[in-house]
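Chain by chain, the residues:
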Amino acid sequence: LASAGTVIVIGAAALGFVMAGSPFAARLARLDERRVSDLREIHYALQQMTTELKDHKRVLSRPLPSSLEEVAAFRRSQQYGRTLSLSDPETGVAYDYRVTGEKTYELCATFTLERKKTDTLFWNHPASKHCFSFNVETQP
């Protein structure tokens, strides 16, 4: 009887840890998806700011900005004050932005969990700081 009671208590404790850990893991995954969403929005705003459509192709019409604050100001002026999230939703640390060429740049964020989705391979990342490389004239 004592052994059965011990097994039940251990099982209940394990189930409690699984249930308590699950919302925590879901929260971490939501934060990582928010980071990806923020970077997508920044890329889209950069495209709007620096390119135009010619013959159904995006072509560079002005140089890439030197900072994300310039992109955010452009977005506010073009879309009725709509703001961009330029920093991590959990830590408040600003996303890294680095111009790497006339039409290319990187956006970096620190992710908590690894992402391995098969539908959007470009946005997969390790559980650490990761930089995505973009060409402003193309979609990722």
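Residues numbered from 1 in each chain as written. Predicted model: local features only at pLDDT ≥ 70, side-chain atom pairs only at ≥ 80, totals over all residues. Heavy atoms only, no water.

Draft legend 1. Quick look at the overall build of the chain. Scanning the chain for helices and strands turns up two helices and five strands. In the chain, the order of α-helices and β-strands from amino to carboxyl end is α-β-β-α-β-β-β. Here the C-alpha atoms of the chain give a radius of gyration of 21 Å, more than 25% beyond the 14 Å that 2.2 N^0.38 yields for 140 residues. The C-alpha extent of the chain, read off along each of the three principal axes, is 80 × 30 × 25 Å. Counting over 140 residues, the chain shows a buried share of 31%. Taken as a whole, the chain presents about 8700 Å² of accessible surface, with 58% of it coming from carbon and sulfur. On the chain, the mean spot of the 18 positive side-chain charges and the mean spot of the 16 negative ones are 3 Å from each other. (Helix = DSSP H or I, 4+ residues; strand = E, 2+ residues; numbered from the N terminus. Rg over C-alpha atoms; globule rule 2.2 N^0.38 Å. Buried < 20%, exposed > 50% of the residue type's maximum accessible area, 1.4 Å probe, protein only. Areas by Shrake-Rupley, 256 points an atom, 1.4 Å probe, with all protein chains shown as cover. Lys, Arg positive; Asp, Glu negative; His and termini not counted. Charge placed at Lys NZ, Arg CZ, Asp CG, Glu CD.)

Draft legend 2. Structural view of the sheet that holds strand 5 (residues 129-135). If you trace the three strands from one edge of the open sheet to the other, you get 3-4-5, paired in antiparallel fashion. Here the strands that pair on one side only, and so sit at the sheet edges, are strand 3 (96-99) and strand 5. Geometrically, the sheet is characterised by an average inter-axis angle of 20 degrees between neighbouring strands, direction not taken into account. With seven bridges joining them, strand 4 (residues 104-110) and strand 5 adopt antiparallel strand pairing. Looking across to strand 5, one finds that Cys 108 is bridged to Cys 131. (Pairing = 2+ DSSP bridges. Axes fitted to C-alpha atoms, helices over the stretch in contact; angles between N-to-C directions.)

Draft legend 3. Quick peek at the pattern of salt bridges. A full pass over the atoms with the stated rule returns 13 salt bridges. Between Glu 90 and Arg 27 there is a salt bridge whose closest N-O contact spans 3.6 Å. With a gap of 63 residues between them, Glu 90 in the loop between helix 2 (68-78) and strand 3 and Arg 27 in helix 1 (residues 2-50) connect regions that are remote in the sequence. Among the residues examined, Arg 27 registers a relative accessible area of 37% and is labelled partly exposed. Arg 35 is paired through a salt bridge with Glu 90; the nearest N and O atoms lie 3.1 Å apart. Highlighted residues: Arg 35 in helix 1 and Glu 90 in the loop between helix 2 and strand 3, separated in sequence by 55 residues. A residue is classified by how much of its surface remains accessible, and Glu 90, at 38% relative accessible area, is partly exposed. By sharing partners, the salt bridges in this structure join Arg 27, Asp 32, Arg 35, Asp 88 and Glu 90 into a single network. (Salt bridge = Lys/Arg side-chain N within 4 Å of Asp/Glu carboxyl O.)

Note that all results are geometric; they support no functional claim without further evidence.
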